[in-house]
Amino acid sequence: MAAPTQYSQEEVEELREAFSKIDVDSNGFITTNELNDLFKAANFSLPGYRIREIVQNLMSAGDLNNDGQISFDEFINVVHGLKSTEVAKTFRKAINKKEGICAIGGTSEQSSVGTQHSYSEEEKYAFVNWVNTKLERDPDCKHVLPMDPNTDDLFSAVGDGIVLCKMINLSVPDTIDERTINKKKLTPFTIQENLNLALNSASAIGCHVVNIGAVDLKEGKPYLVLGLLWQVIKIGLFADIEISRNEALIALLRDGESLEDLMKLSPEELLLRWANYHLENAGCNKVNNFSSDIKDSKAYYQLLSQIAPKGEEDGIPAIEVDMSGLREQDDVKRAECMLVQAERLGCRQFVTATDVVRGNPKLNLAFVANLFNKYPALQKPENQDIDWSSIEGETREERTFRNWVNSLGVNPRVNHLYGDLADALVIFQLYEKIKVPVEWSRVNKPPYSKLGGNMKKLENCNYAVELGKNKANFSLVGIAGQDLNEGNHKLTLALMWQLMRRYTLNILEDIGGGEKVNDDTIVRWVNQTLSEAGKDTISGFKDGQISTSMPVLNLIDAIQPGSIRYDLLKMEDLSEGEKLNNAKYAISMARKIGARVYALPEDLVEVKPKMVMTVFACLMGRGMKKV
């Protein structure tokens, strides 16, 4: 998984973005069909045989293990090996042309001086309209909204951090305590605080924000702004495409399929299953993706017709979809007619007619997700033999670990903590994040065959446990590869905690010049800092006072004097609600002063020692930086 050393982390991120544009089904691999679609979508006037030759060249250069597809590692080698060949030029043009790319130069240090970056005008247009719609009634955003999607309004509008904070709260409500957002008489310092708050909160909900700094957002770096905004929007769009939050999705179960199989599907896979469920009911052909298969708008027409309200629910009038646009001969005109019908359902978002015809995968995925959220048109099965008790939502601990893992930019993204760790590929990436070397030659990589595939995954899991015991020196008593492979909750969480703890301590050791850090070191630093500020100390991470959040708030105020508004807090004889109120303020304030905290307010109220430790450790890191 390690990228060739010739590439910087930022270049790898750009390659990953290019890879995702080609990998339209988001399965982590590029196939011959996807490469063909790429060149078709770019509308190149090349004869068919030339496209076939180019695709053949790319596949032969990249498909090192001859499995008929290119992984991200192989893709990096392709790009590295192509250099300035004609194939390379055509390939890069195709990637850029596919989504109406604008090229710009990077200028900030964190954004790689002098490099060429690109962004999609279509994405900018779509995201501006979405933000305008979602925040149009928010009085705190009136100074920048509505934005004109045809200008660069967006890139200046995000510069004070308020819009980003609001969008994060729309995607994951209550992530940011509104009391901590600076809204009036903004100065460069209070803007910096807002941007810190937005970036650290985005990380806490699972956005990958490495290489994005507050300066980049303040300066409105287009490709970074759009990249972050897409992650935030996508998390919100996908929030309810999950069986524990929407049990009607069980209607999508197929014959011979177990509930467990359905629960393993990613939100993207569930959306495709949902669309095909309705297309089948309409007697239409299935689609395999939301790019090349929807370009003629015919599937969308049938989907809209199926999900439109039929007047059967109280208070929801029927909306009849006018299908006459299907007779339109021109693809763009037909797409426009379809979008007029989507508008009647209040769902004309993310795509223009051109985006549909070009098969823009990102924007079409967002369009379908928004359709699902407004009109799922599914009934929870009543008579099926289903063990409803097995449908459990994520625990707070699981969500924290999943968000932490995703914020580090692992590939593929983790949607289900246990199922997505079953082949240990993500675990190996986490080992590399904590400086434990992985012998990738020992790792089995997907796709796994149906026959013997799980044995390959189990071999990976055995190697992951071996690395933990022998190289990371973790305490993994009683944990075997089989436990990770089968998703044993308790034992998987034990490994995840040790990975997160090591990652946190490594950061402190790097800041402290390599000096070893443990729990006692953190407690000593916290107490020394509190004492010097004339504030009460703690006995450890189980101290009962932590349930009020006052030790955390006092430490924040000691690190950045005058930052805590004590007049907003209840400090004595607290009810559970008041404790939670304090905790929400404390977590957001920690992020606002620059601490990348993943813990949740409830972890403070309930004094969960492990998560409490990470809060104090992150604050210690911020305090040691003296910035």
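Data block above holds the structure.
Structural notes, computed from the coordinates. (Residues numbered from 1 in each chain as written. Predicted model: local features only at pLDDT ≥ 70, side-chain atom pairs only at ≥ 80, totals over all residues. Heavy atoms only, no water.)

## Remarks on the layout of surface pockets
Looking at the second largest pocket, its volume works out to about 990 Å³. Lining the second largest pocket are 39 residues; nearest its centre among them are Asn200, Gly594, Ala595, Arg596 and Lys625. At the level of elements, α9 (188-204), α10 (214-218), α18 (396-407), α22 (489-511) and α27 (609-625) are the ones that each hand at least two residues to the lining of the second largest pocket. Of the residues in the lining of the second largest pocket, the class split is 20 nonpolar, 13 polar and 6 charged. (1 Å grid on protein atoms, 1.4 Å probe; cavity = no way out; pocket = protein on both sides within 12 Å on 5 of 7 lines; lining within 4 Å. Points joined across faces, edges and corners; volume = space filled by probe spheres on them. Helix = DSSP H or I, 4+ residues; strand = E, 2+ residues; numbered from the N terminus. Nonpolar A, V, L, I, M, F, W, Y, C, P; charged D, E, K, R; others polar.)

## Considering the packing of helix α6 (residues 121-135) against helix α17 (residues 361-374)
Put simply, α6 and α17 touch, their axes get as near as 10 Å, and they point 25° apart. As far as their axial angle goes, α17 and α6 are roughly parallel. Residues Glu122, Glu123, Ala126, Phe127 and Trp130 of α6 pack against Lys362, Leu363 and Asn370 of α17. (Axes fitted to C-alpha atoms, helices over the stretch in contact; angles between N-to-C directions. Parallel < 35°, antiparallel > 145°, perpendicular 65-115°, else oblique. Contact = heavy atoms within 4.5 Å.)

## With respect to the nonpolar core
With 96 residues, the main nonpolar core has Leu154, Met167, Leu228, Leu271, Trp274 and Phe367 as its most contacted residues. Of the residues forming this core, the biggest block, 12 residues, is contributed by helix α11 (residues 222-238). Formed by 80 residues, the second largest nonpolar core is a distinct cluster that contains Leu430, Leu467, Ile538 and Met613. (Core = buried A, V, L, I, M, F, W, Y, C linked by side-chain atoms within 4.5 Å. Buried < 20%, exposed > 50% of the residue type's maximum accessible area, 1.4 Å probe, protein only.)

## Brief notes about the packing of aromatic side chains
This structure, assessed with the given rule, holds 9 aromatic pairs. Here Trp274 and Phe372 contribute two aromatic rings whose centre-to-centre distance is 5.3 Å and whose plane-to-plane angle is 90°, an arrangement assigned as edge-to-face. With Trp274 in helix α13 (residues 267-281) and Phe372 in helix α17, the pair connects residues that are 98 residues apart, well separated along the chain. Relative to Tyr503, the ring of Trp404 has its centre 5.7 Å away and its plane inclined at 65°; by these criteria the two rings are edge-to-face. In this pair, Trp404 sits in helix α18 while Tyr503 sits in helix α22, placing the two residues 99 residues apart along the sequence. Note on Trp404: relative accessible area 1%, which makes it buried. For Tyr503, a relative accessible area of 21% gives the class partly exposed. (Phe/Tyr/Trp six-rings, centres within 6.5 Å; stacked < 30°, edge-to-face > 60°.)

## Digging into α22
End to end, α22 covers 33 Å across 23 residues, agreeing with the expected 33 Å (1.5 Å per residue, within 8%). For α22, the side-chain oxygen to backbone nitrogen distance between the N-cap and Lys490 is 3.3 Å, and the N-cap itself is Asn488. Directly beyond the C-terminal end of α22, a positive phi value near 75° is found at Gly513. (Expected span 1.5 Å × (residues − 1). Polar contact = N/O pair within 3.5 Å; in protein donor to acceptor, adjacent residues only side chain to side chain.)

## Considering the pattern of salt bridges
One pass over the full model with this rule turns up 35 salt bridges. Across the pair Arg245 and Asp240 runs a salt bridge whose closest N-O atoms are separated by 3.2 Å. Among the residues examined, Arg245 registers a relative accessible area of 55% and is labelled exposed. Residue classification places Asp240 among the partly exposed residues on the basis of a relative accessible area of 34%. Residues Glu576 and Lys579 are paired through a salt bridge, measuring 3.6 Å at the closest nitrogen-oxygen approach. Of this pair, Glu576 and Lys579 both sit in helix α25 (residues 576-592), 3 residues apart, which is roughly one turn of the helix. For Glu576, a relative accessible area of 53% corresponds to the exposed category. With a relative accessible area of 17%, Lys579 lands in the buried category. (Salt bridge = Lys/Arg side-chain N within 4 Å of Asp/Glu carboxyl O.)

## So, the side chain of Asp603
Structurally, the position occupied by Asp603 is in helix α26 (residues 601-605). Setting aside residues no more than four positions away along its own chain, Asp603 makes contact with Arg396, Lys608, Met611 and Val612.

## Section: the packing of α6 against α11
Angle between the axes and distance between the axes are the two parameters that describe a pair of packed helices. Packing of α6 against α11 leaves a shortest axis separation of 11 Å and a crossing angle of 55°. In terms of orientation, α6 and α11 fall into the oblique class. Note that α6 runs across α11; the crossing there is left-handed. For the pair formed by α6 and α11, the contact residues are Glu123, Lys124, Phe127, Trp130 and Val131 on the first element and Leu226, Leu229, Trp230, Ile233 and Leu237 on the second. Tallied by class, the residues present in the contact of α6 with α11 amount to 8 nonpolar, no polar and 2 charged. (Left-handed = near helix turned anticlockwise from the far one by under 90°.)

## Focus on the environment of Met338
By the secondary structure assignment, Met338 is in helix α15 (residues 331-344). Residues Met338 and Tyr300, 38 residues apart in the sequence, show an inter-C-alpha distance of 7.3 Å. Beyond its immediate chain neighbours, meaning those up to four positions away, Met338 contacts Ser297, Tyr300, Tyr301, Leu304, Val356 and Phe367.

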